[in-house]
Amino acid sequence: MTVQELPGAAAYRPTPPPAWKPLTDPAPLLPDPEPYRVLGTDAVADADPELLLRLYAELVRGRRYNAQATALTKQGRLAVYPSSTGQEACEIAAALVLEERDWLFPSYRDTLAAVARGLDPVEALTLLRGDRHTGYDPREHRIAPLCTPLATQLPHAVGLAHAARLKGDDVVALAMVGDGGTSEGDFHEALNFAAVWRAPVIFLVQNNGFAISVPLAKQTAAPSLAHKAVGYGMPGRLVDGNDAAAVHQVLSEAVARARSGGGPTLVEAVTYRMDAHTNADDATRYRGDSEVEAWRDHDPVQLLERELTGRGLLDDDGVEEARAAAERMAAALRERMNADPVLDPMDLFAHVYAEQTAQLREQAARLREELDAESDRHGTDDGGTAR
């Protein structure tokens, strides 16, 4: 006798809903028609002055960090640096809205977000210098490795957030991605699972207009990237990505919603990458100077500085203090990055697998033999120092 043949089984047979019936009312999920703004609007009256001043100090520091890292690349101290100049408001807000127990999942351009969250500026650049894996301990800082493959960090963020909820941990994950990453399959998979599982995760899309050289119009025909949220059953928010106060508010609301069990949110921050994609990119091949200059009038640092000075919350001394602090950070970064690191070639085989494979053990043994032979020939230790 099968289950269906048991007495009364028909009464318990589930009736699926019609396929056309929506599971969720789409109206509350739709983003506003225009990006949400705080600076220069009536909403700024409700903003916390202390928060605005902190955002300003971090923006100034972040702008100087980007400039210094770019200079280090030109000096050969970094292999590559994807600058986030022009996008600092997104980076800083993403770091400041999280609690210590939460997790940040950055992309390759989000070095500044990791630094603003408290990561040592040198450790944040170690991977880009090619010194060692990741450059920092993700568990210690609750910052996932800077992710170069597009959007692969998004499913990881969903998995961590879902696991934390199952364990009863009060943890939220915030995953950052560019507009180019929304064209990847990982983006679809992450959002779909996050919505079905109601995982406490926020997806922050920094729409800077280009996926390297490909403009947004050649990536999607959607009204906005925030509209994509509706298809997965989560709210979509559209925000001015150069308005630090607005980004912080929208992300704070999304974090609170996720922490309270409300599920994920997709936030599109409309911003602009002022510098080239990386030091290996020639941005003049796909955009004109007039376009870049137009965005300089909407610079996130200047927007907040004008608001603070106009309200009497910031004077010339305060501006100089923020810039001096940023210069001290840059000087310390230069000094430490100009020191040659002491590297152990055998670290190539560390942290690849929990238990090394036979092939890795064989390769490690071969390298050890070559290093020992080199040391014997030149009378040096593995680091090249005379014995």
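Structure first, text after, so check above.
Residues numbered from 1 in each chain as written. Predicted model: local features only at pLDDT ≥ 70, side-chain atom pairs only at ≥ 80, totals over all residues. Heavy atoms only, no water.

A. Representation of the packing of helix H1 (residues 49–74) against helix H12 (residues 316–337). Close contact between H1 and H12 brings their axes to 9 Å; oriented N to C, the two are set at 35 degrees. Note on packing geometry: the crossing formed by H1 with H12 is right-handed. The residues of H12 that touch H1, namely those facing Tyr 56, Val 60, Arg 61, Arg 64, Tyr 65, Gln 68 and Leu 72, are Val 319, Ala 322, Arg 323, Ala 326, Glu 327, Met 329, Ala 330, Leu 333, Arg 334 and Met 337. Taken together, the residues of the contact of H1 with H12 break down into 11 nonpolar, 1 polar and 5 charged. (Axes fitted to C-alpha atoms, helices over the stretch in contact; angles between N-to-C directions. Helix = DSSP H or I, 4+ residues; strand = E, 2+ residues; numbered from the N terminus. Left-handed = near helix turned anticlockwise from the far one by under 90°. Contact = heavy atoms within 4.5 Å. Nonpolar A, V, L, I, M, F, W, Y, C, P; charged D, E, K, R; others polar.)

B. Geometry of the pattern of salt bridges. Taken as a whole and assessed by the stated rule, the structure comprises 18 salt bridges. Its salt-bridge partner being Arg 63, residue Glu 88 comes within 2.5 Å of it at the nearest N-O pair. Taken together, the positions of Glu 88 in helix H2 (residues 88–96) and Arg 63 in helix H1 put the pair 25 residues apart, joining distant regions of the chain. Residue class for Arg 63 comes out partly exposed when judged on its relative accessible area of 24%. In this structure, a network of salt bridges that share partners links the residues Arg 101, Asp 102, Asp 170 and Arg 259. (Salt bridge = Lys/Arg side-chain N within 4 Å of Asp/Glu carboxyl O. Buried < 20%, exposed > 50% of the residue type's maximum accessible area, 1.4 Å probe, protein only.)

C. The pairing of strand S2 (residues 173–178), seen in detail. By the criterion of burial, S2 is predominantly enclosed, with 5 of the 6 residues buried. For strand S1 (residues 103–105) and S2, the ladder comprises 3 bridges, and the chain directions are parallel. Within S2, the residue paired with Trp 103 across the bridge is Ala 173. Pairing analysis gives 6 bridges linking S2 to strand S3 (residues 201–207), with the strands arranged parallel. When the sheet's bridge partners are listed, Val 177 is paired in S3 with Val 205. Once the chain exits S2 it traverses helix H7 (residues 185–197) before rejoining the sheet at S3, and the crossover so formed is right-handed. (Pairing = 2+ DSSP bridges. Right-handed = clockwise from strand over helix to strand, strands pointing away.)

Fair warning: the whole summary comes from geometry, so function is off the table for now.
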